[in-house]
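Examination of the molecular architecture
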Amino acid sequence: MTRRYCIVSLHSSISPPFSIPNIALRAIVKSTLKKRVMVAATPESAPVAMRALQGHYEAHICTSLAMAREILAERVDAILCGIYFAESKMFDLLHLVKANEQNKSAPFLCVKANEGILSPVLLQSIEMASKTLGADGFVDLSEWRKTLGDEAAYARLQQMIDRLIDRQPCTE
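Residues numbered from 1 in each chain as written. Predicted model: local features only at pLDDT ≥ 70, side-chain atom pairs only at ≥ 80, totals over all residues. Heavy atoms only, no water.

Here we come to the overall build of the protein chain. If you tally the helices and strands in the protein chain, you get eight helices and five strands. The burial tally for the protein chain puts 37% of its 172 residues in the buried class. Partitioning the contacts of the protein chain with sequence separation of at least 6, the portion at a separation of at least 24 is 63%. For the protein chain, the exposed area adds up to about 10,400 Å²; of that, 57% sits on carbon and sulfur atoms. (Helix = DSSP H or I, 4+ residues; strand = E, 2+ residues; numbered from the N terminus. Buried < 20%, exposed > 50% of the residue type's maximum accessible area, 1.4 Å probe, protein only. Contact = heavy atoms within 4.5 Å. Areas by Shrake-Rupley, 256 points an atom, 1.4 Å probe, with all protein chains shown as cover.)

Here it is in structure tokens:
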């Protein structure tokens, strides 16, 4: 995708409707910045998350609730949380985020990043509970990687994150 930008002087003598207001200039500048994504993961799954997001987002990894609180002190555009984060504290983090004024509207995705021994019924229960508590989605990234391959699975995850950040409905 090629982006084209127009440089506009703030001291332009062009009068409305031809001038671009400052809010539009801020939108142009903001669109060139990478989205800030917090990734709550176990130390073992953090490399998978970093590879999945590499080059597309400003990713901030946390492996504990204390680290998550530090990251949430600033605005984030989206949150990915592994189901095993901080000894299975995914739901605690979800509650923390929804209580955080500046980040409560950030999309929150629950992610199963690695193979595990969870039954399909248990995974479905985790998905239902996470959505009931306010998560925007549940992704079995390990299954996507197995069926689509790593690169296609990561691209699919990136598309899902982008749609959620832009507040478009996801059909995953």
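Another aspect to go through is the side chain of Ser 45. By the secondary structure assignment, Ser 45 is in the loop between β1 (35-40) and α2 (46-53). Among the residues examined, Ser 45 registers a relative accessible area of 10% and is labelled buried. Among all residues touching Ser 45, those that are not within four sequence positions of it are Ala 113 and Asn 114.

Using the criterion set out here, one finds twelve salt bridges in the structure. A salt bridge links Glu 74 to Arg 36; the nearest nitrogen and oxygen atoms lie 3.9 Å apart. Note that Glu 74 is positioned in the loop between α3 (65-71) and β3 (78-82) and Arg 36 in strand β1, a separation of 38 residues in sequence. Exposure remark for Glu 74: the relative accessible area of 49% places this residue in the partly exposed category. (Salt bridge = Lys/Arg side-chain N within 4 Å of Asp/Glu carboxyl O.)

Checked against the element boundaries, Thr 42 lands in the loop between β1 and α2. Aside from chain neighbours lying at most four places away, what touches Thr 42 is Thr 63, Tyr 84 and Phe 85.

Glancing now at the sheet that holds β3. Pairing is parallel in the open sheet, where five strands are placed in the order β2-β1-β3-β4-β5. Each edge of the sheet is formed by a strand with only one pairing partner; in this case those strands are β2 (57-62) and β5 (137-140). Sheet twist, expressed as the mean angle between neighbouring strand axes with direction ignored, is 25°. Summarising the sheet, β3 and strand β4 (residues 108-112) pair through four bridges and their orientation is parallel. What sits directly across from Ile 79, in β4, is Phe 108. Against the sheet, α2 engages β1, β2 and β3, with an angle of about 170° to β2. (Pairing = 2+ DSSP bridges. Axes fitted to C-alpha atoms, helices over the stretch in contact; angles between N-to-C directions.)

What follows concerns the packing of aromatic side chains. One pass over the structure, following the stated rule, counts zero aromatic pairs. Just above the ring of Trp 144 sits the side chain of Arg 156; from NZ or CZ to the centre is 4.2 Å. (Phe/Tyr/Trp six-rings, centres within 6.5 Å; stacked < 30°, edge-to-face > 60°. Lys NZ or Arg CZ within 6 Å of the ring centre and 35° of its normal.)

Mean pLDDT over the protein chain: 83, with 78% of residues reaching 70 or higher. This model gives residues 1-20 a pLDDT under 50, and the stretch forms eleven contacts once residues within four places in sequence are excluded. Between residues 25-32, whose pLDDT stays under 50, and residues either more than four places distant or in other chains, the model counts eight contacts. (pLDDT = per-residue confidence, 0-100.)

Although it is not a glycine, Glu 87 sits at a positive phi angle of roughly 60°. Checked against the element boundaries, Glu 87 lands in helix α4 (residues 85-88). Of note in the backbone geometry, Ser 88 takes a positive phi value of approximately 65° without being a glycine. Mapped onto the elements, Ser 88 comes out in helix α4.

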